[in-house]
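The lines below spell out each chain.
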Amino acid sequence: MSNCLLKTFVGDSILQLTINRPEKRNAISYEVMNELDEAIDLAKEDKDVKMLLIRGSGEQAFCSGGDLSEFHALETEKAAFGMLSKMGQVLYKLATFPKPTIAYINGTAIGGGCEIATACDIRIAKKGVKMGFVQGHQAITTGWGCGTILTEKLTPANAMSLLWSGSIILPEEAIKLGFISEVIEEDEQVLSILEKYTDKQSEVLQAYKNMLVRKWEQTNLRERMMEEIKVCAKLWEKEEHLLAVKQFRERKK
Ligand SMILES: CC[C@@H](C(=O)O)C(=O)SCCNC(=O)CCNC(=O)[C@H](O)C(C)(C)COP(=O)(O)OP(=O)(O)OC[C@H]1O[C@@H](n2cnc3c(N)ncnc32)[C@H](O)[C@@H]1OP(=O)(O)O
């Protein structure tokens, strides 16, 4: 059995999903996508799960985005769209998950790693971690549809600044931009922060989440994410992007 996504209960009612590929800085492979998809479905139905918490394994990374050692093989728009839309569906499911979702950014969050965090309701960062929507540096756009979600959650100017610049930022700046809610020094602090939510009844937590989800259904969030994904797929097959991926893969040779 694969252990690329660890599922553990922390506290009484929080299901923690840990992306467990530290040797690849917790990059997202097809296997992780499938496991995430399945875990989200199960957690939705599980009455014991009040809240989802997503983090990366180890100290170094939350998630380094798509697994370039796997996805470099996708060289056409059609092939790229297949992968991007698959993860886009998973992240739509995460964004509209009926219970609270928290990203604990315990290490570097790059590219698609920031997209996963964006799909969560609340982002908590460990002191000193680096975060960046670096896709523009690789001649693509956010390919899993979460640029759209970012514009729902941050002010348009702050969302555009992050997406256009591709800047790597630290938690202090991320708080100012509204991307991060809290910064902690020790992993253990996450639980005490989350207690102020988990001490409420599930019905209360879910009713508030439903307000957001209803708005996103009425404003066709899924379709808007798919439009975003199509744009990335078009850029994916271009020489500039294929070259950027090649450069990353060959940088240590
Ligand atoms: C594809 C979807 C798209 C989207 O739609 O959003 C994206 O996600 S685009 C962004 C893709 N991700 C990246 O470009 C990040 C690439 N990685 C890095 O920039 C750096 O690795 C890091 C995340 C900043 C960490 O740097 P550092 O701590 O110095 O570690 P190393 O660079 O030495 O990496 C260790 C090890 O991990 C492998 N690795 C890291 N990221 C990925 C990745 N995304 N895919 C595959 N493998 C990855 C890296 O190759 C190293 O392995 P070895 O060379 O075997 O040691």
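The sections below set out a description of the structure shown in this document. (Residues numbered from 1 in each chain as written. Predicted model: local features only at pLDDT ≥ 70, side-chain atom pairs only at ≥ 80, totals over all residues. Heavy atoms only, no water.)

**A word on the packing of helix H4 (residues 112–119) against helix H5 (residues 146–153)**
How we decide: Axis definition: a line fitted to C-alpha atoms, over the contacting stretch in the case of helices. Angles run 0 to 180 degrees between N-to-C directions. Only runs of H or I of at least four residues qualify as helices and only runs of E of at least two qualify as strands under DSSP, and these elements are numbered from the N terminus. For classification purposes, angles smaller than 35 degrees are called roughly parallel, those larger than 145 roughly antiparallel, those between 65 and 115 roughly perpendicular, and all remaining angles oblique. Helix crossings are classified by the rotation of the near helix relative to the far one: an anticlockwise turn of less than a right angle makes the crossing left-handed, while a clockwise turn makes it right-handed. Whether two residues are in contact is decided by their heavy atoms, any of which lying within 4.5 Å being enough.
Following both chains from N to C, one finds H4 and H5 inclined at 45°, their axes separated by 9 Å at the closest point. By the angle between their axes, H4 is oblique relative to H5. Crossing geometry of H4 relative to H5 is assigned as left-handed. Judged by residue contacts, Glu115, Thr118 and Ala119 of H4 engage Cys146, Gly147, Ile149, Leu150 and Lys153 from H5.

**Notes on the pattern of salt bridges**
For clarity, the cut-off: Salt bridges are defined by distance alone: a side-chain nitrogen of Lys or Arg within 4 Å of a carboxyl oxygen of Asp or Glu. Burial status follows relative accessibility: with a 1.4 Å probe on protein chains alone, a residue under 20% of its type maximum counts as buried, one over 50% as exposed, and anything between as partly exposed.
In total, this model carries 15 salt bridges according to the counting rule given. The partner of Glu77 in a salt bridge is Lys234, and the shortest N-O contact between them spans 3.7 Å. Of this pair, Glu77 sits in helix H3 (residues 77–95) while Lys234 sits in helix H10 (residues 221–236), and the two are 157 residues apart along the sequence. Note on Glu77: relative accessible area 29%, which makes it partly exposed. Overall, the relative accessible area of 48% leaves Lys234 in the partly exposed class. Put simply, Lys127 and Glu185 hold a salt bridge, and the shortest N to O gap is 3.9 Å. Placement of Lys127 in the loop between strand E7 (122–126) and strand E8 (131–132) and of Glu185 in the loop between strand E9 (182–184) and helix H8 (189–198) is noted, with a sequence separation of 58 residues between them.

**So, the pairing of strand E1 (residues 5–10)**
Regular strands place side chains that alternate from one sheet face to the opposite one. Put simply, the test is: Two strands pair if DSSP finds at least two bridges between them.
For E1 and strand E2 (residues 14–19), the ladder comprises six bridges, and the chain directions are antiparallel. Residue pairing in the sheet places Phe9 in a bridge with Leu15 of E2. Taken together, E1 and the strand that follows it, E2, pair antiparallel across an intervening segment of three residues, in which Gly11 is found at a positive phi of about 65°.

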